[in-house]
Amino acid sequence: MAVPVAFFALFFAYPVTAIVGRGLKVGGDWQFARIGEVLSRPDILGVLWFTTWQALASTALTLLIALPGAYVLARFDFPGKQLLRAVVTVPFVLPTVVVGTAFLALLGRGGLLDELWGVRLDTTVWAILLAHVFFNYAVVVRTVGGLWSQLDPRQEEAARMLGAGRFAAFRRVTLPALTPAVAAAALMVFLFTFTSFGVVQILGGPAYSTLEVEIYRQTAQLLDLPTAAVLTLVQFAAVGGILAVHAATVRRRERALKLVDPAQTSRRPRGAGQWALLGGVLLTALLLILLPLGVLVERSFDGPGGYGFGYYQALQSVGAGGSSTFLVPPLEAVGNSLRYALVATLIALAVGGLAAAALTRRAGRLVRGFDALLMLPLGVSAVTVGFGFLITLDKPPLDLRTSWILVPLAQALVGVPFVVRTMLPVLRAVDDRLREAAAVLGASPLRAWREVDLPLVRRAVLVAAGFAFAVSLGEFGATVFIARPDNPTLPVAVARLLGRSGELNYGQAMALSTILMLVCAVSLLLLERIRTDRSGEF
């Protein structure tokens, strides 16, 4: 536990505490009255209200659209099922900047809807809600569908034989068993939409602002640290409550259900109704997921002189078309992002792997508190972390403001929770008797880990590495502060291009977003191949 605790204390607790302290301290004294002053302001109350209701609306809309997809992937067996599973998961690993850019190409000025029917939805709440559904569709499908595929269908069939109708059997038998999974999925979707930044920043315009966007505005544009500090505390408290409820829901699901092999529950669709449901899910995937991504790719090739690689070629030069957005060619952001993400993945694997190993040793409240510590980066504004890096890591022996390692460190903070959540269930499934047998035969703890644990969790490590790489590649909230102008990351480069007017800047943003999407999609496909490898179970 020593290394993960030290890592989080130095690169998370210290910067966040420092930025909050600067906002709430005057002359060394805490000014807690500022909390009431900030929260009583009408503009801040408006931000809190919009953040909450758009998260609730996004969650409800996501459940409504994604639950049929969860049922189809859980119960039906059809050609292309694995491909459909991969397609619906792609949005979740995409950076929010890419999601915002894709919907801007579909719904914004000069987008597909604007060209066909003269309709624009950017700078409206509908664009934000649809983008949130796109991003979180896989959360519901994976969480609910994974459990649904393991529920014994004979229980519902027995209820039907005893006289219950189809809906009554579902309501009384299947729905109660699914409720914990649905609740867990809803809480996670609410968490992701409550802390939304990139999507709202790109699609919402100045009219809409979530807590995360407002923290960025107060910090970077208005330099109002007291207000930013109060909003950070509010977001931290809200997300902490969500995570606590989510943890309780997961524990309830784990001890209350008896599951069966998913292979026993999947069959080909039967009857017109089931085939129509399958067709509806496929149509939803086409319109909701493939259409925005397809329009994004199409816009990246649609230059002033017709279709071609003009925007991609412009990425190779500085100030193309009179633009002074970058000090280096925008294409260098690709190499920067890959290098940063690779280093961040190695850090996340080292820290997260040690943390997961520590959590396998059940030690009461200490371990539960350590587990909660690892989830804290999901509950604190990434903007606060990034700005905290700038004002704290600027003195020897940790003067890192001009060092390239600052970006991977910030990215690794977000990657560690994914590594822990991926590796922990597998490590806990390793039989302790195997380790004990190795120790009896004279193996040291390190050799026992190398010979016993590592072969069993190797695939979990690869999956964790894939998730950490994808998350690090798309991190935006913190890196927007600490990425240097001569070494931008892909998400930061896309945001800068979209922030400037001009057709060339817009086209280059589409091109960079397409490159970022392809890199993330390739990472996901490799993940799926590892997860479905027949060489073992995971």
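The structure we're discussing is the one just above.
Attention in this report is confined to the structure presented alongside it. Predicted model only: the values in this text are computed from it and were never measured. (Residues numbered from 1 in each chain as written. Predicted model: local features only at pLDDT ≥ 70, side-chain atom pairs only at ≥ 80, totals over all residues. Heavy atoms only, no water.)

Considering the overall build of the protein
Let me state the cut-off plainly: The helix count covers DSSP runs of H or I at least four residues long, the strand count covers runs of E at least two residues long, and both are numbered beginning at the N terminus. For a compact globule the rule gives 2.2 Å times the number of residues to the power 0.38, and the radius of gyration it is set against comes from C-alpha atoms. Each residue gets one of three labels from its accessible area relative to the maximum for its type: buried under 20%, exposed over 50%, partly exposed in between, using a 1.4 Å probe on protein chains only. Any two residues whose heavy atoms approach within 4.5 Å at even a single point are treated as in contact. Each accessible area value is a Shrake-Rupley result obtained with a 1.4 Å probe; residue values ignore everything except the protein chains displayed when judging cover. Counted charges follow a simple rule, with Lys and Arg positive, Asp and Glu negative, and His plus the chain ends left uncounted. Throughout, a charge is located at the NZ atom of Lys, the CZ atom of Arg, the CG atom of Asp or the CD atom of Glu.
Summing up its helical and strand segments, the protein has 23 helices and six strands in all. Since a compact globule built from 538 residues should have a radius of gyration of about 24 Å, the 24 Å found for the protein is in line with a globular shape. Every one of the 538 residues in the protein was classed for burial, and the buried ones make up 50%. Taking the intrachain contacts of the protein between residues at least 6 apart in sequence as the baseline, contacts between residues at least 24 apart amount to 78%. Counting every atom, the protein has about 24,500 Å² of accessible surface; 63% of that belongs to carbon and sulfur. Put simply, the protein has 46 plus and 32 minus side-chain charges, and the middle of one group is 7 Å from the middle of the other.

Topic: the packing of helix 15 (residues 332–359) against helix 22 (residues 490–498)
Packed helix pairs are characterised by how far apart their axes lie and by the angle those axes make with each other. Our working definition: Angles here are taken between N-to-C directions and fall from 0 to 180 degrees, while the axes themselves are lines fitted to C-alpha atoms, restricted in helices to the stretch in contact. Nonpolar residues are Ala, Val, Leu, Ile, Met, Phe, Trp, Tyr, Cys and Pro. Charged residues are Asp, Glu, Lys and Arg, and all others, Gly as well, are polar.
Running from N to C, helix 15 and helix 22 cross one another at 145 degrees; their axes reach a closest spacing of 8 Å. Touching A333, V334 and S337 of helix 15 are L490, P491 and A493, all from helix 22. Along the lines of polarity and charge, the residues of the contact of helix 15 with helix 22 split into five nonpolar, one polar and no charged.

Quick look at the packing of aromatic side chains
Rule in force here: Side-chain rings of Phe, Tyr and Trp (the six-membered ring for Trp) are treated as a pair once their centres are within 6.5 Å; stacked means planes under 30 degrees apart, edge-to-face means over 60, and tilted covers the remaining angles.
Tallying each qualifying case throughout the model produces 17 aromatic pairs. Residues F301 and Y312 carry aromatic rings whose centres are separated by 5.1 Å and whose planes lie at 35 degrees to one another, so their mutual orientation is tilted. With F301 in helix 13 (residues 271–301) and Y312 in helix 14 (residues 310–314), this residue pair connects regions lying eleven residues apart in the sequence. Residue F301 is classed as partly exposed on the basis of its relative accessible area, which comes to 25%.

What to know about the side chain of E475
Operational definition: The working definition used for a salt bridge is a side-chain nitrogen of Lys or Arg within 4 Å of a carboxyl oxygen of Asp or Glu. Polar contacts, as used here, are pairs of N or O atoms within 3.5 Å; protein pairs need one atom able to donate a hydrogen and one able to accept it. Residues neighboring in sequence count only if both atoms are side-chain atoms.
Looking at the element boundaries, E475 is found in the loop between helix 20 (445–474) and helix 21 (479–482). An unpaired buried charge is present at E475: no salt bridge exists, and R496, the closest side chain of opposite charge, is 12 Å distant. Among the polar contacts made by the side chain of E475, one reaches the main-chain amide nitrogen of A478 at a distance of 3.0 Å. Ignoring sequence-local partners within four residues, the contact set of E475 consists of A382, Q411, V414 and P491.

Here's the deal with the packing of helix 7 (residues 125–148) against helix 13
Definition in use: Angle categories: roughly parallel below 35 degrees, roughly antiparallel above 145, roughly perpendicular from 65 to 115, and oblique for all the rest. In this scheme the crossing of two helices becomes right-handed for a clockwise turn of the near helix relative to the far one and left-handed for an anticlockwise turn of less than a right angle.
At a minimum axis distance of 11 Å, the contact between helix 7 and helix 13 shows a crossing angle of 110 degrees. Of the possible angle classes, the one that applies to helix 7 and helix 13 is roughly perpendicular. When the axes of helix 7 and helix 13 are compared, the crossing they make is left-handed. Within the contact between the two elements, helix 7 uses L130, V133, F134 and Y137 and helix 13 uses V281, T284, L288, I289, P292 and L293. Per-class residue counts for the contact of helix 7 with helix 13 are nine nonpolar, one polar and no charged.

Topic: the nonpolar core
Note the cut-off: To qualify as a nonpolar core, a set must consist of buried Ala, Val, Leu, Ile, Met, Phe, Trp, Tyr and Cys residues joined through side-chain atoms within 4.5 Å.
If you look at the biggest cluster of nonpolar residues, it comprises 160 residues, and the most contacted ones within it are F7, L94, L203 and F389. With 15 residues, the top contributor of residues to this core is helix 7. Apart from the residues lying within four places of it in its own chain, the contact partners of L94 are V99, F134, F135, L293, M517 and C520.

Some remarks on unusual backbone geometry
The phi angle at T123 is positive, at roughly 65 degrees, despite the residue not being glycine. One can find T123 in the loop between helix 6 (112–117) and helix 7.

Thoughts on a nonpolar patch on the surface
Keep this limit in mind: Nonpolar side chains (Val, Leu, Ile, Met, Phe, Trp, Tyr) are joined into patches within 5 Å and like charges within 9 Å, using only residues with over 30% relative accessible area and no salt bridge.
A cluster of nonpolar side chains, contributed by L283, L286, L287, L290 and L291, occupies part of the molecular surface with about 420 Å² of accessible area. Take L283: it is sitting in helix 13. Assessed through its relative accessible area of 46%, L283 is described here as partly exposed.

Thoughts on helix 7
To be explicit about the condition: Multiplying 1.5 Å by the helix residue count minus one yields the expected span of that helix. Given a residue, its bend is the angle between the two axes fitted to the seven residues that end at it and to the seven that start from it.
Taking 1.5 Å of rise per residue, 24 residues should cover 34 Å, and helix 7 covers 32 Å from first to last C-alpha, within 8% of that figure. Remark: the principal bend of helix 7, roughly 45 degrees, maps to N136.

Considering the pattern of salt bridges
One pass over the full model with this rule turns up six salt bridges. What emerges from the salt-bridge pattern is a single network uniting E115, E298 and R299.

Some thoughts on the side chain of T232
Its place among the elements puts T232 in helix 12 (residues 225–256). Ignoring any residue separated from it by four or fewer positions in sequence, one finds T232 in contact with V20, I215, V380 and T384.

Here's the deal with helix 13
Between its first and last C-alpha, helix 13 extends 43 Å over 31 residues, near the 45 Å set by a 1.5 Å rise per residue. Considering bend angle alone, the principal kink of helix 13 is centred on L290 and spans about 40 degrees; proline P292 follows within four residues of it. Of the residues making up helix 13, those classed as buried are Q274, L278, V281, A285, L288, I289, P292, L293, V295, L296, R299 and S300.

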